[in-house]
Structure formats: structure tokens, C-alpha cells
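The residues making up each chain are set out below.
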Amino acid sequence: MAAARVMAVTAATNVATSCLLLKRTFSLNQRLHFTGFCFNGERQLAFSSSKRSLFTCTALHKPDVQIKEAGQPETLDYRVFFLDNSGKKVSPWHDIPLHLGDGVFNFVVEIPKDTSAKMEVATDEQFTPIKQDTKKGKLRYYPYNINWNYGLLPQTWEDPSFANHEVEGAFGDNDPVDVVEIGERRGKIGEILKVKPLAALAMIDEGELDWKIVAISLDDPRASLVNDADDVEKHFPGTLTAIRDWFRDYKIPDGKPANKFGLGNKAANKDYALKVITETNESWAKLVKRSIPAGELSLL
């Protein structure tokens, strides 16, 4: 096996103890109900207020995360693992906090912009490392480069048992929610960026709902100019249409039909994107509490 390579990355974290998707910080003497778990150095119980049925906390005990590559890129054995400062493996799906407060979220890069290898979190493997997707034993590639950084929102899950009646009754695709990050800098596999959501596209892939949250890194020079879908049209003209068309058409060269989009075939605004994030975070919380059968998904 090829020697493993270790690179340090800094997770975008908020060390204040707060609750996912609630717009306030909890007092330590507030009455709380324990319902799940959070990552706080070790996996522990998470807490929720009596007004909500979730939530996990955002505090990471050790905010620095390393990524460790095992195997050679573009091979079946290649994996990108995430480690805390003690060298313990953690899950980019379950252990990186989602919410940082003030409408800012962590985003894990799986596929850097201007690349075509179809990288994804291995949701059925322990610690859910990033790997290259396969089909019939062969590595998968998009037919052309993707033009944006692409990856996932941690601590979200599209529930395959839930029919979304706002999107043609489509069921979730059993994966974390996808993010299309439109900033100018090319990310790295496993990099964790602080992003703000701007819009949402409701892609329907072979009958399954596969949300695409359009977001921008806070480090991008134009981040302060865009706060909603209308701003994207103004400062990144044509980008929302280009994203929709890219994901609509990328399977056509392989002889498959074009993907469809719900919500009138248009991008929904920021508030709707935040609604999607809230709902899929709640679904993830039920998953890790085992209120919903996990099937082959790894919860480690």
C-alpha cells in the first residue's frame, strides 16, 4: 500500500456552545433535553430545547482537523480520512458541525472545481472517508469538468422514506445535502470552508430528490455582495442557470435521460435553502438517534 500522506486543514468551527439551526446561544443553566449526540472531542449526547425536537451542538473540542490520504488518487483504494488532533479518525459527515451561527455553515469539499473525478463521502464505510465513486468496479468520472467546488453539508441527510410534496412527492436520495460553491478559488479534497447559502435547486435524479444548495465561501472577494438568489443573478450573471443545466445534462453523454428539476425548474431563494438545510439536519438527527433505520449507512 502506498504510504499515507497527512495534510492539516482548519475546520470552520464556532467554539461557543450553541445549537444547530437555532438563532440563539444556550445558557448552561437552561433546561435541556438530551436527544442525540455531538462531536466534542468524543461522541456525546446532544441537547435540544423544549421548543424543538433536535439538536446537536456546534462546539468542536479541537477545531483543527487533519486529512490523511491512503492509497493513490484515481485508484479503487484511494481514501481521504479525517483526523482530530489526537490522530483519531472522525467522520466528515457526522462529526464536523453544520452550523456556525449567523447563517454560516461548514462545507466539505469533495470535488474541486475544474476537475472531473466523481469523489464522494463513502456513507457506507466506517468514518465515512472520501473516495472516488465506482460503477461496475470502475472509477467514475463526469464527462466534463465541474465548474464549481462541490461537496456536502455535514450533519444533513435526505431521508429516502420521506416524500416531499413540494417537489412532486420525490423521496430523498439517502445522502447528505450537496453544495455547489461558486467562489473563484479552487478548493481541495477534504477542505472545510465557511459558506453562506444563497439559493437551492431541487434536482430529481431518477425519481429521487437531490438538493443542490448554491453557496459562496466567506473568503471569496465577492462574498459580501451576495446574500440571496437575486444577488447571484446580479453579480454572477447566468450562474444559477449554468448550474441547473450542468446537473440536468451531465448524464446525457452516457446515454441516460436528462435530470429534472422541481420548484418550477428555477432556483429557490435563500430562505428556502435554509428551510431545506433545517429539515435535512432534523432528518440526520433522527438517523443518528436510530429513530429511522440506517440500513447500510455508517453512523461512525
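Residues numbered from 1 in each chain as written. Predicted model: local features only at pLDDT ≥ 70, side-chain atom pairs only at ≥ 80, totals over all residues. Heavy atoms only, no water.

**Re the packing of aromatic side chains**
How two aromatic rings sit relative to each other is given by the distance of their centres and the angle of their planes. For the structure shown, the criterion picks out 8 aromatic pairs. Centre to centre, the rings of Tyr-142 and Tyr-250 are 5.3 Å apart; their planes meet at 90°, and the pair counts as edge-to-face. Highlighted residues: Tyr-142 in strand β16 (residues 141-146) and Tyr-250 in the loop between α2 (239-249) and β23 (260-261), separated in sequence by 108 residues. Tyr-250 shares its class with Tyr-142; the two are buried. Measuring from centroid to centroid gives 5.2 Å for Tyr-150 and Phe-247, while their planes differ by 45°, and the two rings are tilted. Note that Tyr-150 is positioned in strand β17 (residues 149-153) and Phe-247 in helix α2, a separation of 97 residues in sequence. In this pair, the class of Tyr-150 matches that of Phe-247, namely buried. Taken together, the ring pairs in this structure connect Tyr-142, Tyr-144, Tyr-150, Trp-246, Phe-247 and Tyr-250 into an aromatic cluster. Its guanidinium or amino end placed over the ring of Phe-81, Lys-89 lies 4.0 Å from that ring's centre, counting from NZ or CZ. (Phe/Tyr/Trp six-rings, centres within 6.5 Å; stacked < 30°, edge-to-face > 60°. Helix = DSSP H or I, 4+ residues; strand = E, 2+ residues; numbered from the N terminus. Buried < 20%, exposed > 50% of the residue type's maximum accessible area, 1.4 Å probe, protein only. Lys NZ or Arg CZ within 6 Å of the ring centre and 35° of its normal.)

**Focus on the pairing of strand β20 (residues 177-181)**
Put simply, side chains in a regular strand alternate between the two faces of the sheet. The buried count for β20 comes to 5 of 5 residues, which makes it a mostly enclosed element. Side chains Val-177, Val-179 and Glu-181 of β20 all project onto a buried face; the interleaved residues Asp-178 and Val-180 project onto the opposite face, where all are buried too. Where β17 meets β20, 5 bridges bridge the pair, whose relative direction is antiparallel. Of the residues in β20, the one forming a bridge with Leu-152 is Asp-178. By the bridge criterion, 4 bridges tie β20 to strand β22 (residues 208-217) in an arrangement that is parallel. Along β22, the bridge assignment pairs Val-179 with Ile-213. (Pairing = 2+ DSSP bridges.)

**Notes on the confidence of the model for the protein chain**
Residues with a pLDDT of 70 or more make up 79% of the protein chain, whose mean pLDDT is 85. Every residue in residues 13-63 scores below 50 in pLDDT, and together they form 132 contacts with partners more than four places removed in sequence or on other chains. (pLDDT = per-residue confidence, 0-100. Contact = heavy atoms within 4.5 Å.)

**Here we look at the nonpolar core**
By size, the foremost hydrophobic cluster in this structure holds 47 residues, and its most contacted members are Phe-82, Trp-93, Ile-182, Ile-243 and Phe-247. No other element matches the 5 residues that strand β21 (residues 192-205) contributes to this core. The next biggest cluster of nonpolar side chains, apart from the first, holds 23 residues, and it includes Leu-98, Ala-268, Tyr-272 and Val-276. (Core = buried A, V, L, I, M, F, W, Y, C linked by side-chain atoms within 4.5 Å.)

**Details of the pattern of salt bridges**
In this structure the tally under the stated criterion is 17 salt bridges. Note that Glu-125 and Arg-79 form a salt bridge whose closest N and O atoms lie 2.9 Å from each other. In this pair, Glu-125 sits in the loop between β12 (119-121) and β13 (130-132) while Arg-79 sits in strand β7 (residues 79-83), placing the two residues 46 residues apart along the sequence. Residue class for Arg-79 comes out buried when judged on its relative accessible area of 15%. Residue Glu-206 is joined to Lys-251 by a salt bridge in which the shortest nitrogen-to-oxygen separation is 3.8 Å. Here Glu-206 is found in the loop between β21 and β22, whereas its partner Lys-251 is found in the loop between α2 and β23, with 45 residues between them in sequence. Among the residues examined, Glu-206 registers a relative accessible area of 63% and is labelled exposed. By relative accessible area, Lys-251 is classed as buried at 9%. Via salt bridges that share partners, Lys-118, Glu-120, Asp-133 and Arg-140 belong to a single interconnected network. (Salt bridge = Lys/Arg side-chain N within 4 Å of Asp/Glu carboxyl O.)

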